[in-house]
Amino acid sequence: MHDIRFWCPAASLTVDDYMRTSDASIFAIGDCAEKSSFFGHGPSLIKLASVATHEARVAGANLFGLRRARGAAVGVFSTIVGDLALGSVGLTERAAREAGIEVVTGTAKAPDRHPGSMPGTRELGVKLIFTKDTGVIIGGQAYGGTAVGELTNLLAAAVQHKMRADELETMQVGTHPALTASPIAYQVTNAAEDAVLKLRS
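Residues numbered from 1 in each chain as written. Predicted model: local features only at pLDDT ≥ 70, side-chain atom pairs only at ≥ 80, totals over all residues. Heavy atoms only, no water.

(A) Representation of the layout of surface pockets. The volume enclosed by the second largest pocket comes to roughly 360 Å³. Partitioning the lining of the second largest pocket into residue classes produces seven nonpolar, nine polar and three charged. (1 Å grid on protein atoms, 1.4 Å probe; cavity = no way out; pocket = protein on both sides within 12 Å on 5 of 7 lines; lining within 4 Å. Points joined across faces, edges and corners; volume = space filled by probe spheres on them. Nonpolar A, V, L, I, M, F, W, Y, C, P; charged D, E, K, R; others polar.)

Here it is in structure tokens:
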């Protein structure tokens, strides 16, 4: 019989990649567990339910044998203010520059449906941040209607898988008049193309 209890100390506990504390029979997750930054700049202060859920899945998989390691905290946020949705993942341009990382950015905006005259259409804008030396995406932001939430999750996957600007520029995407921008105006691929042109100049 396993004894499973829940408790959270005032300060974050140091854990290994399997969410174990210094006592291998005690796991810590969420606000109780110290996090490392995905971008290698020491610990991360991110405290989000989405990160805690990731860590809980890792800890749960490892309770009866080590099978899964956690990833470092990327930082994925989305919110809505009035009817404006906002999303951010990874490093902002400013945070990257403050960390001494040379970056190139790409931007694109377009109606989130096509044609833009469809009822309920909103402008959706994207900004992507890439390292100048490798062209790997390290962050992105989006604004617009409610599609921003899932678009931010797409960008989070791109950051976690260290996709390059040219890979994002040529990735295959599905579009639909009532759900997305047109294929030729798709914001992520066009923002990546904007960055590729700057990386090549």
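Moving on from the model shown.
(B) Quick peek at the pairing of strand β7 (residues 137-144). Burial analysis of β7 places seven of its eight residues in the buried class, which makes it a mostly covered element. Pairing of strand β4 (residues 84-90) with β7, which is carried by six bridges, proceeds in the antiparallel orientation. Within β7, the position partnered with G87 by the bridge is A142. Bridge count for strand β6 (residues 123-131) against β7 is six bridges, and the pairing is antiparallel. Bridging from a neighbouring strand, I129 pairs with G139 of β7. The antiparallel pairing of β6 with β7 creates a hairpin that spans five residues between the two strands, and G135 there sits at a positive phi of about 75°. (Buried < 20%, exposed > 50% of the residue type's maximum accessible area, 1.4 Å probe, protein only. Helix = DSSP H or I, 4+ residues; strand = E, 2+ residues; numbered from the N terminus. Pairing = 2+ DSSP bridges.)

(C) Up close: the side chain of T152. The residue T152 is located in helix α3 (residues 148-160) in this model. T152 sits in the buried class, given a relative accessible area of 2%. When sequence neighbours within four positions are dropped, the list of residues in contact with T152 reads V76, F77, G87, S88 and V89. (Contact = heavy atoms within 4.5 Å.)

(D) A look at the side chain of T105. Structurally, T105 can be placed in strand β5 (residues 103-111). Apart from residues no more than four positions distant in its own chain, T105 is found in contact with E93, K127, L128, I129, D194, A195 and K198.

(E) Expanded view of the pattern of salt bridges. Counting across every chain of the model gives 10 salt bridges. The shortest N-O distance in the salt bridge between R20 and D16 comes to 2.8 Å. A relative accessible area of 24% means that R20 is categorised as partly exposed. On the basis of relative accessible area, D16 is assigned to the partly exposed category, the value being 23%. The closest approach of N and O atoms between E98 and R94, which form a salt bridge, is 3.1 Å. A residue pair is termed a helical-turn pair when its members lie 3 or 4 positions apart in one helix, as E98 and R94 do in helix α2 (residues 93-98) at four residues. R94 matches E98 in its accessibility class, with the two residues each being exposed. Linked through salt bridges whose partners overlap, the residues forming this network are K35, E55 and R70. (Salt bridge = Lys/Arg side-chain N within 4 Å of Asp/Glu carboxyl O.)

(F) How the structure looks around the sheet that holds β4. Pairing in this open sheet of five strands is antiparallel, and the strands run β3-β4-β7-β6-β5 from one edge to the other. Looking along the sheet, the strands with just one partner apiece sit at the ends: β3 (76-81) and β5. Strand-to-strand twist in this sheet, taken as the mean axis angle between neighbours without regard to direction, amounts to 10°. Relative to β6, β5 runs antiparallel, the two being bridged by nine bridges. Bridged to T107 within β6 is K127. Packing against the sheet, helix α5 (residues 187-200) makes contact with β5 and β6, and its axis sits at approximately 145° to β5. (Axes fitted to C-alpha atoms, helices over the stretch in contact; angles between N-to-C directions.)

(G) Quick look at the pairing of β3. Bridge analysis of β3 against β4 gives six bridges, and the strand direction is antiparallel. In the sheet register, V76 faces β4, and the bridge partner there is V89. Count of turn residues in the β3/β4 antiparallel hairpin: two residues, of which G82 carries a positive phi of about 65°.

(H) Looking closely at unusual backbone geometry. At the junction of H114 and P115, the peptide bond is cis and its omega measures out at 0° in the coordinates. Tracing the backbone through its elements, the reader meets P115 in the loop between β5 and β6. A positive phi angle is found at M19, which is not glycine, with a value near 75°. Here M19 shows up in the segment before β1 (35-36). Residue class for M19 comes out buried when judged on its relative accessible area of 0%. Its identity is not glycine, yet K162 carries a phi of approximately 50°, on the positive side.

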